[in-house]
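A structural walkthrough
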Amino acid sequence: MKSKSAPYMGKVNGHIIGRILKETVRRATTAIQSERLIFDAKAKEGYTGNMDDVFTSADTKAQEIYLRAFTECFPEYGVIGEEGSLVIQPKRKNGPYFTVDSLDGTKAFVRRQSHGVGTMVALVHGKKVISAYVGDINTNEVYGFRPDSDTVHRITQLDTVETLKVEPDTHPKKKYALLRNPLAKYSAGAQGLVGQFKDHEVIGSSIGTWMAMLWKREVGALFLGPGIETPWDSTPIIGISKKLGYLFLRPDVKGGSNWDLFDPPLPKEAFHRNHEMMVIHGRDLEHLKW
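As a starting point, this report considers the structure included with it. (Residues numbered from 1 in each chain as written. Predicted model: local features only at pLDDT ≥ 70, side-chain atom pairs only at ≥ 80, totals over all residues. Heavy atoms only, no water.)

**As for unusual backbone geometry**
Quick note on the threshold: By definition, any uninterrupted DSSP run of H or I lasting at least four residues is a helix, any uninterrupted run of E lasting at least two residues is a strand, and each is numbered from the N terminus.
Residue Asn94 is not a glycine yet carries a positive backbone phi of 60°. Here Asn94 shows up in the loop between β4 (86-88) and β5 (97-104). Residue Ser205 is not a glycine yet carries a positive backbone phi of 70°. Locating Ser205 in the fold gives a position in the loop between β12 (199-202) and α5 (207-215).

If you want it as structure tokens, here you go:
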């Protein structure tokens, strides 16, 4: 690190990056919470092309906090953000870049919902997520990992830290499956897999806090129907899930009844995923019947 008024201060390392990202998530969380009763909301174009989405002053203020941290602390890194179609190219070709969803679950925030509102950031280098953090606006929890770390932490009340682990007894019959859409919306194959779990729940809103239910082992697997994937939504949840040992499966591309493991791409722009997806831990996979 260089400074105009100080001597050489050493190289940026994973600990420094992790501390900066956690502090930025904390500041973004505080900014969003302060907007709960005074925010301005406007309609914006959704992925269907209709004006059926929404953004608020909280989205904008939180993204400004992230962007200021990125440009001041990591001026050579790129940025891909949701609001304003933010794209800043890295200074070096194929250099590292951040993805940021300043307010994940904006509609839930507008409804003043007590769950399903988050904020998410990830750092990508060499086609790999090297750091990611997901903050829960309502509970003040943060989930994530720094570069070069082998563990994912759950930080409660923004200061109590615990390591997320998978308990050994994780048979699907003892766990619920978590769905984004009603069960009837899924294929027969997906419904058959869901039926092997104790039961299922359907929850929408923030994809980050939704995925956190799996990371905390509150549920045994996640099922998503075909849908839009974006850099700011997909990148942090892919990074944290992989770090914890979760696997991604999709229906057999040949049309069979099996589901195949696949490596979800890290998108740099929104695209339509045309297949269903299941996320489950590697230890649980052997218990399912195909």
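**Let's talk about the pairing of strand β11 (residues 176-179)**
Regular strands place side chains that alternate from one sheet face to the opposite one. Under the convention used in this document: By this definition, two strands are paired if DSSP reports at least two bridges between them. We call a crossover right-handed when, viewed with the strands running away from us, the connection from the first strand over the helix to the second turns clockwise.
With 4 bridges connecting them, β11 and β12 associate as parallel partners. Paired with Tyr176 across the strands is Asp199, a residue of β12. Handedness of the β11-helix α4 (residues 188-194)-β12 crossover: right-handed. Pairing of β11 with strand β13 (residues 221-224) involves 3 bridges; the strand directions are parallel. When the bridges of β13 are listed, Leu178 appears paired with Leu222.

**Here's the deal with the side chain of Thr235**
Threshold: Here the term buried applies to any residue with accessible area under 20% of the maximum for its type, exposed to any over 50%, and partly exposed to those in between, with areas from a 1.4 Å probe on protein chains only. Polar contacts here mean pairs of N or O atoms no more than 3.5 Å apart (in protein, one a potential hydrogen donor and the other a potential acceptor; neighbouring residues in sequence count only if both atoms are side-chain atoms). Contacts are residue-level and defined by heavy atoms, with any inter-residue pair within 4.5 Å sufficient.
Tracing the chain through its elements places Thr235 in helix α6 (residues 231-243). For Thr235, a relative accessible area of 0% corresponds to the buried category. Looking at Thr235, its side chain comes within polar contact range of the main-chain oxygen of Pro231, at 2.7 Å. The contacts of Thr235, once residues within four sequence positions are left out, are Thr99, Ala122, Val124, Val129, Thr230, Leu266 and Pro267.

**Some points on the sheet that holds strand β7 (residues 128-136)**
Just so we agree on the cut-off: Interaxial angle, 0 to 180 degrees, is taken between N-to-C directions of lines fitted to C-alpha atoms, where a helix line uses only the stretch in contact.
Taken in spatial order, the 8 strands line up as β4-β3-β5-β6-β7-β8-β9-β10 in an open sheet, and their pairing is mixed. The sheet is open, and its two borders are formed by β4 and β10 (160-163), each paired with just one other strand. Neighbour to neighbour, the strand axes of the sheet diverge by 15° on average, direction disregarded. Relative to strand β8 (residues 141-145), β7 is paired through 5 bridges, and the arrangement is antiparallel. Of the residues in β8, the one forming a bridge with Gly135 is Val142. Running at roughly 155° to β5, helix α2 (residues 57-73) makes contact with β3 (78-81), β4, β5 and β6 (118-125) of the sheet.

**Some remarks on the nonpolar core**
We apply this condition: Among buried residues, the Ala, Val, Leu, Ile, Met, Phe, Trp, Tyr and Cys ones that are joined through side-chain atoms within 4.5 Å form a nonpolar core.
In terms of nonpolar packing, the biggest core is built from 33 residues, with Met211, Trp215, Leu222 and Ile240 touching the most fellow members. Secondary-structure elements contributing two or more residues to this core are β6, β7, β8, α5, β13, α6, β15 (246-251) and β18 (277-281). Considering each element in turn, this core owes the most residues, 7 residues, to α5. Trp215 has contacts with Val134, Tyr143, Leu164, Gly208, Ile237, Ile240, Ser241, Leu244 and Tyr246, leaving out every residue within four places of it along the chain. Counting 26 residues, the second largest nonpolar core, distinct from the first, contains Ile32, Leu103, Leu123 and Ile155.

**Structural notes on α2**
Spelled out, the test is: The span one expects for a helix is its residue count, reduced by one, times 1.5 Å.
The first and last C-alpha atoms of α2 sit 24 Å apart over 17 residues, in line with the 24 Å expected at 1.5 Å per residue. Turning to α2, its buried residues number three or more, namely Ser57, Ala58, Asp59, Ala62, Gln63, Ile65, Tyr66, Ala69 and Phe70. Capping the start of α2, Thr56 holds a side-chain oxygen 3.1 Å from the backbone nitrogen of Ala58, two or three residues further along.

Geometric values such as these leave the question of function open.
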